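# Inside the fold
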Amino acid sequence: MNNQLSYWEKTSFFNFDIIIVGSGIVGLNAAIHLKTSSPKLKIAILERGFLPSGASTKNAGFACFGSISELIEQESICGTDALAKLIEKRWKGLLKLRGILSDDKIDYKQLGGYELFKAEDKILSTDCVVKIEHYNNLIQSIIGPEAFKVNNSKIKAFGFKNINNVIENRFEAQIDTGKMMFALIQYAQQQGISIFNNCEVQEILTDENKPFVKTKQGNFRGEKVIVVTNAFVNNLIPGLDVTPGRGQVLVTKPIKNLKIAGTFHYDKGYYYFRNINDRILLGGGRNLDFKTEQTTELGLTSKVQDALYNLLKEVILPETDFEIDYQWSGIMAFGNNLEPIITQPKPNVFCAVRCNGMGVAMGSQTGEDVAELVLKS
Ligand SMILES: Cc1cc2nc3c(=O)[nH]c(=O)nc-3n(C[C@H](O)[C@H](O)[C@H](O)COP(=O)(O)OP(=O)(O)OC[C@H]3O[C@@H](n4cnc5c(N)ncnc54)[C@H](O)[C@@H]3O)c2cc1C
């Protein structure tokens, strides 16, 4: 605890109406919704990293609402009506994000999404093709007609090897994650929201029925606290159904005459890749070693990175020389249910976490939902 704070610092920088813990997509959107609904609120976001340090600046930038194999799996768990609601939530979340920031600022490009099937995936690909009509009907009124179709001509057009079937989703798009987060932070600051970086919350305590949060820099007081730390939530609010999952990613150096354009899902979505400025971004492979990847620690392993490299060499860029330029990891939050957890665990303490690897689509809506919970409380 820093007890050398000046009177001025203590009285002006540590007392807020709302304190938000975590400056990922959800935290920023919660703050923005609160401030737009109630402009007089004094809001602070406390972020442990120099930059947001979870998933929001580390992701692949897919603006997606579900590939067919994922929709089948989810429908078997939650039923058709709940699935339709989930798709609607994802789609509305994307519209919200685009509405706040504009397509230009986040490089939103609707280049289409593709689910790829290998020869060994014959049963899965047949199941998925059979379901195309069902899902086109289900999402017609939410997004638009004829979202999915078989499009095997793309195998040759994109130069893939060892791929037998392709299902295209014409509504899927991609964004520039860095530009999106930069714009979101700028937008929040323009609204008068304070963001404090390198400020890790160690504990949430209560004093005379009001919460305050303990950090190395001092205790911040707020009428309400919102915890949006995603995979790290159990450090502050134990017992929630949140399991961390590390996602490893690589990006190639620019490739001359790159033919591949769009967002791609491979091996039931365990791998994903896309084009970005003449490069390929590829991530995934958690399923090779679930136990090791179930961690909140950033890091790379040769098992996953080698698998990503081999996938590039054998399937994605079989006829093209490439070099790796970037490698990184980020931490996602998973649970048994694909719905995020939006709850009030204690008086005046709220929480919104677990976008299940879909936060680009779900983050804005999830932030807004927890903000509404706070406003109604
Ligand atoms: C490799 C990878 C690829 C992905 N690809 C996609 C994709 O293509 N499309 C998609 O929709 N989604 C994707 N996701 C998921 C998406 O990025 C997340 O769902 C989303 O960013 C979650 O946002 P959030 O605000 O809930 O959490 P986060 O972005 O994780 O934010 C939580 C923040 O809380 C901070 N924090 C944690 N503990 C504390 C503390 N004690 N005190 C202060 N701050 C703290 C963290 O530093 C972090 O910045 C991907 C994720 C990863 C990792």
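This text follows the structure it describes.
Residues numbered from 1 in each chain as written. Predicted model: local features only at pLDDT ≥ 70, side-chain atom pairs only at ≥ 80, totals over all residues. Heavy atoms only, no water.

Put simply, the second largest pocket is a space of about 530 Å³. Residue lining of the second largest pocket: 22 residues in total, with Thr57, Asp176, Thr177, Gly178 and Trp328 positioned closest to the centre. A per-element tally of the lining of the second largest pocket places helix H9 (residues 177-190) first, with five residues. (1 Å grid on protein atoms, 1.4 Å probe; cavity = no way out; pocket = protein on both sides within 12 Å on 5 of 7 lines; lining within 4 Å. Points joined across faces, edges and corners; volume = space filled by probe spheres on them. Helix = DSSP H or I, 4+ residues; strand = E, 2+ residues; numbered from the N terminus.)

Close to the ligand lie 38 residues, the nearest being Glu47, Arg48, Ser53, Ser56 and Phe62. In the model, an oxygen atom of the ligand is placed 2.8 Å from a nitrogen or oxygen of the Arg48 side chain. Ser53 is positioned such that a nitrogen or oxygen atom in its backbone is 2.8 Å from an oxygen atom of the ligand. Computed on the free molecule, the ligand has an accessible area of 1000 Å², of which 98% lies beneath the protein chains in the complex. Going through the elements one at a time, helix H2 (25-37), strand S12 (243-252), strand S16 (324-334) and helix H12 (359-376) are the ones with two or more residues in the shell around the ligand. A class-by-class count of the residues in the shell around the ligand yields 21 nonpolar, 13 polar and four charged. (Near = heavy atom within 4 Å. Polar contact = N/O pair within 3.5 Å; in protein donor to acceptor, adjacent residues only side chain to side chain. Areas by Shrake-Rupley, 256 points an atom, 1.4 Å probe, with all protein chains shown as cover. Nonpolar A, V, L, I, M, F, W, Y, C, P; charged D, E, K, R; others polar.)

Strands sit in the order S5-S6-S4-S13-S14-S15-S12-S16 across an open sheet of eight strands; the sheet is mixed. Because the sheet does not close on itself, it has two edges, and the strands there are strand S5 (148-150) and S16. Between one strand axis and the next, the sheet turns through 20° on average, direction left out of account. In terms of strand pairing, S12 meets S16 through 10 bridges, oriented antiparallel. Across the sheet, residue Thr243 finds its bridge partner in S16, namely Phe334. Relative to S12, helix H11 (residues 302-316) is tilted by about 45°, and along the sheet it contacts S12, strand S13 (263-266), strand S14 (271-276), strand S15 (279-284) and S16. (Pairing = 2+ DSSP bridges. Axes fitted to C-alpha atoms, helices over the stretch in contact; angles between N-to-C directions. Contact = heavy atoms within 4.5 Å.)

The terminal C-alpha atoms of helix H4 (residues 80-101) lie 32 Å apart, and with 22 residues this matches the ideal 32 Å at 1.5 Å per residue to within 8%. Among all positions in H4, only Leu83, Ala84, Leu86, Ile87, Lys89, Arg90, Trp91, Gly93, Leu94, Leu97, Arg98 and Leu101 are buried. Where H4 is buried, its residues contact strand S3 (62-63), helix H3 (68-78), helix H5 (103-106), helix H7 (132-140), H9 and H12. Downstream of H4 by a residue or two, Ser102 has a phi angle that is positive, lying close to 85°. (Expected span 1.5 Å × (residues − 1). Buried < 20%, exposed > 50% of the residue type's maximum accessible area, 1.4 Å probe, protein only.)

The subject of this paragraph is the packing of aromatic side chains. The description of an aromatic ring pair rests on the distance of the ring centres and on the angle between the ring planes. This model, assessed by the stated rule, comprises 17 aromatic pairs. Ring geometry for Phe158 against Phe264: centres 5.3 Å apart, planes inclined by 85°, an arrangement best described as edge-to-face. In this pair, Phe158 sits in helix H8 (residues 153-158) while Phe264 sits in strand S13, placing the two residues 106 residues apart along the sequence. Given the relative accessible area of 0%, Phe264 is considered buried. An aromatic cluster is built from Tyr114, Phe158, Phe160, Phe264 and Phe273, whose rings are joined through pairwise contacts. One Lys or Arg, Arg98, reaches over the ring of Tyr108 and ends 3.8 Å from the middle of that ring. The lysine or arginine in question, Arg221, covers the ring of Phe212, its NZ or CZ lying 4.6 Å from the ring centre. (Phe/Tyr/Trp six-rings, centres within 6.5 Å; stacked < 30°, edge-to-face > 60°. Lys NZ or Arg CZ within 6 Å of the ring centre and 35° of its normal.)

Packed helix pairs are characterised by how far apart their axes lie and by the angle those axes make with each other. The interhelical angle for the contact between H3 and H7, taken along N-to-C directions, is 80°, at an axis separation of 11 Å. Looking at the two axes, H3 sits roughly perpendicular to H7. Of the residues in H7, those touching H3 at Ile68, Leu71, Ile72 and Glu75 are Ile132, His134 and Tyr135. Classifying every residue of the contact of H3 with H7 gives five nonpolar, one polar and one charged. (Parallel < 35°, antiparallel > 145°, perpendicular 65-115°, else oblique.)

This part takes up the nonpolar core. Membership of the largest hydrophobic core comes to 67 residues, with the highest contact counts inside it found for Ile20, Leu34, Ile87, Phe148, Met180 and Ile226. Of the residues forming this core, the biggest block, eight residues, is contributed by H4. Apart from the residues lying within four places of it in its own chain, the contact partners of Met180 are Ile25, Leu97, Leu101, Ile106 and Ile175. (Core = buried A, V, L, I, M, F, W, Y, C linked by side-chain atoms within 4.5 Å.)

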